[in-house]
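What follows is the residue order along each chain.
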Amino acid sequence: MRENDKVKFGLHTKSSPKAAKASACGKAIIVGEHSVVYGSHAVAMPLKQMRMDLELIPHGSSLESPEYHLKLGGKDVSERVSGVIPDALDLLNQRRSSLTIKGHSSLPIGAGLGSSATLCIATLRSICNSMDLNLNRDEIANLGNELEARFHGKPSGLDTAVVAYEQSVYFSKGTPIQSINCEGAAPWHFALIDSKVRASTLAMIRLAEPYFRAPDGDLKIERFDIAAKLVRDSLPEGNYGAVAEAMSECASLLKEAKVVPDSIQSILDACLESGVMAAKTTGAGGGGTVLCLLSPENWKQELSSLQSNFKDNPVFHVTI
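Here's a quick rundown of the structure. (Residues numbered from 1 in each chain as written. Predicted model: local features only at pLDDT ≥ 70, side-chain atom pairs only at ≥ 80, totals over all residues. Heavy atoms only, no water.)

1. Overview of the state of the cysteines
Piece 1. Tallied over the entire structure, the rule returns 0 disulfides.
Piece 2. Cysteine C250 remains unbridged, with the sulfur of C292 as its closest cysteine sulfur at 15 Å.
Piece 3. In this model C292 remains outside any disulfide bridge; the closest cysteine sulfur is found in C271, 3.5 Å from its own. (Disulfide = S-S within 2.5 Å.)

Here it is in structure tokens:
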């Protein structure tokens, strides 16, 4: 972030930290993962029922060699992860001082549900609350995306956008974040099934790159973009059929991009056999989580069927 940006954001005043708390939700991409890296739009929804809650504890005045401790679920995390604290202080142009952040999360880690974006946004919020910094959602989202680069190289900004907004968003790199207002529609019911298989986001992006860089890559990106627009328009209208169509289209495209291994495809097939309206991977792929669209009339039965069929896998019910 440039110095004039810091002044614009009102971050040039350094304050002494005080104890503070903050929270951030997870996210699930409905359509557009991978393609969003290449300029397509994507639609993602917040997982308000699945959160990370943090408590920041300062340790006195600034030190020559400040120490940072991050504990999640009572366990110390690696230095790679705890490094999010000094990086966040730098982005906010705040004096480095020793801090401990303790927290717990109901989000599966590395499952494509935005755990790193959630950590970045919650950390920024905790420091802002501690130092009386007032940032709007766009500023938090943009700074969060810079912070998430320590985990995912050059993230698109989608994850931190939906986590910062805590609303469904229609997103494309380099354009203003557009929230999707679903308040007038009946509740949307989804199921998330954790495959318990984990894969590197960066590795999956590299695996999919030839698919999008191929001579017909622009046509593939356009198909993702059309699906994202369909979902954007259909969520507020409560058009389940259109969203199911878009999700199924993206499921097919992601399989073509080779980020859906056979083990995950078998889960997708079993979900469809259970009667859900659509099923696809969400996130980078290779493992992670399967997102199912449940029908408005029979969502309870469909959810129960999924829970019976996947007794060894965590199954979450989420709504927007």
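2. So, the packing of aromatic side chains
A ring pair, where both rings are aromatic, is described by two values, the distance of the centres and the angle of the planes.
Piece 1. Summed over the entire model, instances satisfying the criterion amount to 5 aromatic pairs.
Piece 2. Ring plane angle 15° and centroid distance 4.8 Å describe the contact between Y38 and F212, whose orientation is recorded as stacked. Taken together, the residues span a long stretch of sequence, with Y38 in the loop between β1 (20-31) and β2 (42-58) and F212 in helix α7 (residues 201-213) at a distance of 174 residues.
Piece 3. Their ring planes at 40° and their centres at 5.8 Å tell us that F212 and F224 sit as a pair that is tilted. Of this pair, F212 sits in helix α7 while F224 sits in helix α8 (residues 217-234), placing them 12 residues apart in sequence. (Phe/Tyr/Trp six-rings, centres within 6.5 Å; stacked < 30°, edge-to-face > 60°. Helix = DSSP H or I, 4+ residues; strand = E, 2+ residues; numbered from the N terminus.)

3. Some thoughts on the environment of L99
Piece 1. Looking at the element boundaries, L99 is found in strand β5 (residues 99-105).
Piece 2. Given the relative accessible area of 0%, L99 is considered buried.
Piece 3. Ignoring sequence-local partners within four residues, the contact set of L99 consists of P17, L56, I57, P58, H59, E67, Y68, H69, I85 and L89. (Buried < 20%, exposed > 50% of the residue type's maximum accessible area, 1.4 Å probe, protein only. Contact = heavy atoms within 4.5 Å.)

4. Considerations on the side chain of S35
Piece 1. Inspection of the secondary structure puts S35 in the loop between β1 and β2.
Piece 2. Among the residues examined, S35 registers a relative accessible area of 0% and is labelled buried.
Piece 3. Within the structure, the side chain of S35 is placed 3.0 Å from the backbone oxygen of G32, a separation counted as a polar contact.
Piece 4. Setting aside its immediate chain neighbours within four residues, S35 contacts S40, H41, F212 and F224. (Polar contact = N/O pair within 3.5 Å; in protein donor to acceptor, adjacent residues only side chain to side chain.)

5. As for the pattern of salt bridges
Piece 1. Considering all chains together, one arrives at 12 salt bridges under this definition.
Piece 2. Residue E33 pairs with K280 through a salt bridge whose shortest N-O separation is 2.7 Å. Placement of the pair is E33 in the loop between β1 and β2 and K280 in strand β9 (residues 278-282), with a sequence separation of 247 residues.
Piece 3. Its relative accessible area of 2% is what places E33 among the buried residues.
Piece 4. The class of K280 is buried, set by a relative accessible area of 0%. (Salt bridge = Lys/Arg side-chain N within 4 Å of Asp/Glu carboxyl O.)

6. Side note on the side chain of E33
Piece 1. In terms of polar contacts, E33 uses its side chain to reach the side chain of K280, at 2.7 Å.
Piece 2. At 3.2 Å, the side chain of E33 and the backbone nitrogen of G283 are in polar contact.
Piece 3. If near-sequence neighbours (up to four positions away) are discounted, E33 is found in contact with F224, L254, K280, T281, T282 and G283.

7. What to know about the sheet that holds strand β10 (residues 289-293)
Piece 1. One open sheet accounts for 4 strands, arranged β9-β10-β8-β11; its pairing is antiparallel. Looking at which strands have only one partner, the edges of the open sheet turn out to be β9 and β11 (315-319). Pairwise comparison of adjacent strand axes, ignoring direction, gives a mean angle of 25° for this sheet.
Piece 2. Its contacts with the sheet place helix α9 (residues 240-256) against β8 (189-194), β9 and β10, and it is angled at close to 50° to β9.
Piece 3. Docked against the sheet, helix α11 (residues 299-309) engages β8, β10 and β11, running at close to 155° with respect to β11. (Pairing = 2+ DSSP bridges. Axes fitted to C-alpha atoms, helices over the stretch in contact; angles between N-to-C directions.)

8. Remarks on α9
Piece 1. Compared with the 24 Å implied by 1.5 Å per residue over 17 residues, the 25 Å span of α9 between its first and last C-alpha is a close match.
Piece 2. Among all positions in α9, only Y240, A242, V243, A244, A246, M247, C250, A251, L253 and L254 are buried.
Piece 3. Of the surrounding secondary structure, the elements contacted by the buried residues of α9 are β1, β8, α7, α8, β9 and β10.
Piece 4. In the stretch just after α9, K258 is the one whose phi turns positive, near 70°. (Expected span 1.5 Å × (residues − 1).)

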